[in-house]
Amino acid sequence: MTELSTARRAAVTVLLAAGLALALAPAAQADAPGASGASGAPAAPAPVPAADLAGARSAVQDPAVLDKVGHFFARKGVPPTQQLTIGAAEEAKAASDAAPRLAGDTVPVYTLDAGFVSGTPGAPVAKAEFTASKVVAADGQTASVWTVRQGDSWRVVNIASGGDESDYAAKAAGSGGGTAFREPQVNAWYVLRDGRVLPLDDEARRSVGADGVSLAGYQQLVHQRYGDKLPGSAYDREGKGGGYELNAAGAAAAAPAAQAAASGASGASAASGADGGSGLPAVTAAAALGATALVGAGAVLRRRRGNR
């Protein structure tokens, strides 16, 4: 994958008409203390069944959805609530000329799990929050179309500029395999591989170092960062959610410290989290640590950086 500069991606507004409004679920909560899986060690994310991914992809291929994506490209990031300098006819033509098409696979998107942060025994490092399908316009613009399952069907809930979700999944697969996941508070992307959390972007390298840390070491690191900021915490109740500033110097010291703390804890290697069911919640689009705590309530407006 081509290395990109640290330029910020455009903000993405997703209040789309014709049934594409965002469906937010209640904030995900950490499991009750003492709950555990087959092992008390941190676990790998549960895989998402291929049938779920196929259903999500089919929803994105709906002509009505692709038309909305065409208008997204035509507006070049200008939200539907703001007027363009061109008229409706010109916008419609630009949307048609965009000729959006799917590129690559539809992928599950894993986000840091609250139970893992709190130290719940057996909690997976991340959980699948939604699926993403990369769509490309005729002029080269790219967008990520998010879908969630509602009952037996799939619904598009978000269109975001760029293709981080698919790109990082592909980068993880192409660099040795494993599961890509995101720590949204610092916009860091990692891959869990062979019991280690390895960086996929600059933010992740600042977080865990170039060589990464053990899964147990990463759990200690995020617990230190966010353990007192989970949903229901005083931090949450006071309305302070909205992100986490990663100090570069602090991160450089934290990574080896977390790694040293986990030395000799090789038993914390990734374990299967599959339970035979769907890997995705029935309705969810909020970040795993909650819509108010840490990440704010802004799943509708998203700013992303394209660091690789």
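Up top is the structure.
Please read all numbers here as calculations on a predicted model, not as lab measurements. (Residues numbered from 1 in each chain as written. Predicted model: local features only at pLDDT ≥ 70, side-chain atom pairs only at ≥ 80, totals over all residues. Heavy atoms only, no water.)

Section: empty space enclosed by the protein
Where empty space is left in the structure can be found by rolling a water-sized probe over the atoms.
Right, so step 1: What the rule picks out here adds up to one cavity of 30 Å³ or more.
Right, so step 2: Lining the largest cavity are P108, V109, Y110, E165, A169, A180 and W189.
Right, so step 3: Sort the elements by how many residues they give to the lining of the largest cavity and strand β3 (residues 107-112) lands first, with three residues.
Right, so step 4: Tallied by class, residues from the lining of the largest cavity come to six nonpolar, no polar and one charged. (1 Å grid on protein atoms, 1.4 Å probe; cavity = no way out; pocket = protein on both sides within 12 Å on 5 of 7 lines; lining within 4 Å. Points joined across faces, edges and corners; volume = space filled by probe spheres on them. Helix = DSSP H or I, 4+ residues; strand = E, 2+ residues; numbered from the N terminus. Nonpolar A, V, L, I, M, F, W, Y, C, P; charged D, E, K, R; others polar.)

Focus on helix α2 (residues 63-75)
Right, so step 1: Look at α2: 18 Å from first C-alpha to last across 13 residues, which is about the 18 Å you get at 1.5 Å a residue.
Right, so step 2: For α2, the complete set of buried residues consists of V65, V69, G70, F72, F73, A74 and R75.
Right, so step 3: With its phi angle positive at about 50°, K76 sits one or two positions after the end of α2. (Expected span 1.5 Å × (residues − 1). Buried < 20%, exposed > 50% of the residue type's maximum accessible area, 1.4 Å probe, protein only.)

Digging into the pattern of salt bridges
Right, so step 1: By the definition in use, this model includes eight salt bridges.
Right, so step 2: We note a salt bridge from D139 to K76, for which the minimum N-O separation is 3.5 Å. Placement of D139 in the loop between β4 (126-136) and β5 (142-150) and of K76 in the loop between α2 and α3 (88-98) is noted, with a sequence separation of 63 residues between them.
Right, so step 3: With a closest N to O distance of 2.7 Å, D97 and K93 form a salt bridge. Of this pair, D97 and K93 both sit in helix α3, four residues apart, which is roughly one turn of that helix.
Right, so step 4: With relative accessibility at 43%, the residue D97 sits in the partly exposed group.
Right, so step 5: With a relative accessible area of 53%, K93 lands in the exposed category. (Salt bridge = Lys/Arg side-chain N within 4 Å of Asp/Glu carboxyl O.)

Focus: the packing of aromatic side chains
Right, so step 1: Inspection of every chain in the model, using the stated rule, returns seven aromatic pairs.
Right, so step 2: An angle of 15° between the planes, with centres 4.9 Å apart, marks the rings of Y168 and W189 as stacked. Here Y168, found in helix α5 (residues 164-174), pairs with W189, found in strand β8 (residues 188-193); they are 21 residues apart in sequence, far enough to count as distant.
Right, so step 3: Three or more aromatic residues joined by ring pairs make a cluster, and in this case those are F116, F181, Y190 and Y218. (Phe/Tyr/Trp six-rings, centres within 6.5 Å; stacked < 30°, edge-to-face > 60°.)

What about unusual backbone geometry?
Right, so step 1: The backbone of A99 shows a phi angle near 45°, a positive value even though the residue is not glycine.
Right, so step 2: The class for A99 is partly exposed, based on a relative accessible area of 45%.
Right, so step 3: Here D194, not a glycine, exhibits a phi torsion of approximately 55°, which is positive.
Right, so step 4: With respect to the helices, strands and loops of the structure, D194 is situated in the loop between β8 and β9 (196-199).

A few points about the pairing of β8
Right, so step 1: Within β8, six of the six residues are buried, leaving the element largely enclosed by the surrounding structure.
Right, so step 2: Side chains A188, Y190 and L192 of β8 all project onto a buried face; the interleaved residues W189, V191 and R193 project onto the opposite face, where all are buried too.
Right, so step 3: As defined by bridge partners, strand β7 (residues 179-183) adjoins β8 across five bridges and the pair is classed as antiparallel. Residue pairing in the sheet places T179 in a bridge with L192 of β8.
Right, so step 4: Direction of pairing for β8 relative to β9: antiparallel, over a ladder of four bridges. Residue Y190 lies in a different strand from β9, and its bridge partner there is P199.
Right, so step 5: The turn linking β8 back onto β9 is made up of two residues, and D194 within it adopts a positive phi angle of 55°. (Pairing = 2+ DSSP bridges.)

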